[in-house]
Amino acid sequence: MIDLNFKEIWRYRDLLFLFVKRDVITQYKQTVLGPLWYFIQPLFTSIIFTLIFNNLAAIPTGDGIPSFLFNLAGITSWNYFSSCLTGTSNTFTANKGIFGKVYFPRVITPLSVVFSNLIKFGIQLLVFVCFYAYFVFFTDKAFNAVPQIAIVLLPLLIIFMGLFGLGFGMIISSLTTKYRDLTFLVGFGVQLLMYASAVMYPLSYFKEKVPEYVWFVEYNPMTTIIELFRYMTLGIGDFSISKFMYAGLVSITFFLIGLVIFNKTEKSFIDTV
């Protein structure tokens, strides 16, 4: 049963805000660098990808596109999805104590993860914009990356990322109440999925080198989302309404399926967790 009671969620909006605040504050509590990790993680990952995949493996990124900026675009869009997925995939096991003591709409918990990660995504998107400006105004190399008019659809694309990660995460969270093995597979599986999502290489390169397996990467919804993000912000790759609709349809479908399974699980999970 698809049951997303917006009225009830709005009534508990203060609790949602508290969960978001908790996630943001406690994530890097008692760390030396604190929120700086929001900046460090995508920057170091992009540098490593640039050194390994572009310099050593000589994977091209497109004419006039700095490899670092290409990788930073992929990492920025990928991180939001993966953070939403991993953050919501243990909802029941991580919150069994509070779920068993007090009533509130359970879906608020995974929703808070999506909103708190949106703040993190906003910071990393700002970092991407700053490096884009640096390459435009402070480097002498030819720079052909130009944002496209389709960038007006970026807010919708971000919603697709969040919905896809949320839906996928709720499915996994519901299944882990009975199959604990999934808890150990999530981190490993997300890493494998990253390599199948065109994060560190353009889809056109994969088509050229391994055409017989390109369907596996091409029909991966995150590949489509990342390619669309790069097109909107850097002008590389291609854009079509059909691709955009495909990304939206898959994201919404996963969200609705995840919501149905989540609602069904919350009624009986306390007996199995």
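Residues numbered from 1 in each chain as written. Predicted model: local features only at pLDDT ≥ 70, side-chain atom pairs only at ≥ 80, totals over all residues. Heavy atoms only, no water.

A closer look at the nonpolar core
Here is step 1: Residues Trp78, Leu157, Val199, Phe229 and Leu234 are the most contacted members of the largest nonpolar core, which totals 71 residues.
Here is step 2: If you tally residues by element for this core, the top one is helix α4 (residues 67-88), at eleven residues.
Here is step 3: In this structure, Val199 is in contact with Phe49, Phe70, Asn71, Gly74, Ile75, Trp78, Met194, Ile226 and Arg230, ignoring residues within four places of it in sequence. (Core = buried A, V, L, I, M, F, W, Y, C linked by side-chain atoms within 4.5 Å. Buried < 20%, exposed > 50% of the residue type's maximum accessible area, 1.4 Å probe, protein only. Helix = DSSP H or I, 4+ residues; strand = E, 2+ residues; numbered from the N terminus. Contact = heavy atoms within 4.5 Å.)

Some words on the side chain of Asn54
Here is step 1: Position of Asn54 relative to the elements: it lies in helix α3 (residues 37-56).
Here is step 2: We classify Asn54 as buried; its relative accessible area is 10%.
Here is step 3: Of the polar contacts made by the side chain of Asn54, one reaches the side chain of Asn71; its length is 2.7 Å.
Here is step 4: Once residues within four sequence positions are removed from consideration, Asn54 is found in contact with Phe49, Ile59, Thr61, Ser67 and Asn71. (Polar contact = N/O pair within 3.5 Å; in protein donor to acceptor, adjacent residues only side chain to side chain.)

Digging into the pattern of salt bridges
Charged atoms that come close allow side chains of opposite charge to pair.
Here is step 1: Going through the model one piece at a time under the given rule, you end up with three salt bridges.
Here is step 2: Ionic pairing is found between Glu218 and Lys207, a salt bridge with its closest N-O pair at 3.4 Å. With Glu218 in helix α11 (residues 214-218) and Lys207 in helix α10 (residues 203-209), the pair connects residues that are eleven residues apart, well separated along the chain.
Here is step 3: Accessibility expressed as a relative area gives 28% for Glu218, which makes it partly exposed. (Salt bridge = Lys/Arg side-chain N within 4 Å of Asp/Glu carboxyl O.)

A short note on the environment of Ile225
Here is step 1: Here Ile225 shows up in helix α12 (residues 221-234).
Here is step 2: Using a relative accessible area of 0% as the deciding quantity, one classes Ile225 as buried.
Here is step 3: Along the sequence, Ile225 and Val250 sit 25 residues apart, while their C-alpha atoms lie 11 Å from each other.
Here is step 4: Residue contacts for Ile225: discarding those within four places in its chain leaves Leu157, Phe160, Met161, Ala247 and Ser251.

A word on the packing of helix α7 (residues 108-137) against α12
Here is step 1: One way to put it is that α7 packs onto α12 with a least axis distance of 12 Å and a crossing angle of 45 degrees. By the angle between their axes, α7 is oblique relative to α12. At the point where α7 passes α12, the crossing takes the right-handed sense. Packed against α7, whose contacting residues are Phe121, Leu125, Phe128 and Tyr132, the element α12 presents Phe229, Thr233 and Leu234 at the interface.
Here is step 2: Taken together, the residues of the contact of α7 with α12 sort by class into six nonpolar, one polar and no charged. (Axes fitted to C-alpha atoms, helices over the stretch in contact; angles between N-to-C directions. Parallel < 35°, antiparallel > 145°, perpendicular 65-115°, else oblique. Left-handed = near helix turned anticlockwise from the far one by under 90°. Nonpolar A, V, L, I, M, F, W, Y, C, P; charged D, E, K, R; others polar.)

A few points about the packing of aromatic side chains
The geometry of an aromatic ring pair is captured by the separation of the ring centres together with the interplanar angle, meaning the angle of the planes.
Here is step 1: Throughout the structure, instances matching the rule amount to 17 aromatic pairs.
Here is step 2: With a centroid separation of 5.6 Å and an interplanar angle of 25 degrees, the aromatic rings of Tyr201 and Phe206 are classed as stacked. Just as Tyr201 is buried, Phe206 falls in that class too.
Here is step 3: Ring centres of Trp215 and Phe216 lie 5.9 Å apart, and the angle between their planes is 85 degrees; on these two criteria the pair is classed as edge-to-face.
Here is step 4: Through successive ring pairs, a cluster of aromatic residues spans Trp78, Phe81, Phe164, Phe168 and Phe254.
Here is step 5: Directly above the aromatic system of Trp10 lies the positively charged group of Arg13, at a separation of 4.3 Å from the ring centroid. (Phe/Tyr/Trp six-rings, centres within 6.5 Å; stacked < 30°, edge-to-face > 60°. Lys NZ or Arg CZ within 6 Å of the ring centre and 35° of its normal.)

Here's the deal with α3
Here is step 1: With 20 residues, α3 should reach 28 Å at 1.5 Å per residue; the first-to-last C-alpha distance of 27 Å fits that figure.
Here is step 2: The largest bend along α3 measures about 25 degrees and falls at Thr50.
Here is step 3: Where α3 is concerned, the buried positions are Tyr38, Pro42, Leu43, Thr45, Ser46, Phe49, Thr50, Phe53 and Asn54.
Here is step 4: Ala58 sits one or two residues past α3 and shows a positive phi near 60 degrees. (Expected span 1.5 Å × (residues − 1). Bend = angle between axes of the 7 residues up to and from the residue.)

Let's talk about a nonpolar patch on the surface
Here is step 1: Taken together, Ile47, Ile48, Leu51, Ile52 and Leu56 make up a surface patch of nonpolar side chains, about 480 Å² in accessible area.
Here is step 2: With respect to the helices and strands, Ile47 occurs in helix α3. (Patch = residues over 30% accessible without salt bridge, like charges linked within 9 Å, V, L, I, M, F, W, Y side chains within 5 Å. Areas by Shrake-Rupley, 256 points an atom, 1.4 Å probe, with all protein chains shown as cover.)

So, unusual backbone geometry
Here is step 1: Look at Ala58: it is not a glycine, yet its phi comes out positive at around 60 degrees.
Here is step 2: Turning to its location among the elements, Ala58 is positioned in the loop between α3 and α4.
Here is step 3: If you check the backbone angles, Ala198 has positive phi at about 55 degrees while not being a glycine.
Here is step 4: By the element assignment, Ala198 lies in the loop between α9 (181-195) and α10.
Here is step 5: A relative accessible area of 0% places Ala198 in the buried class.

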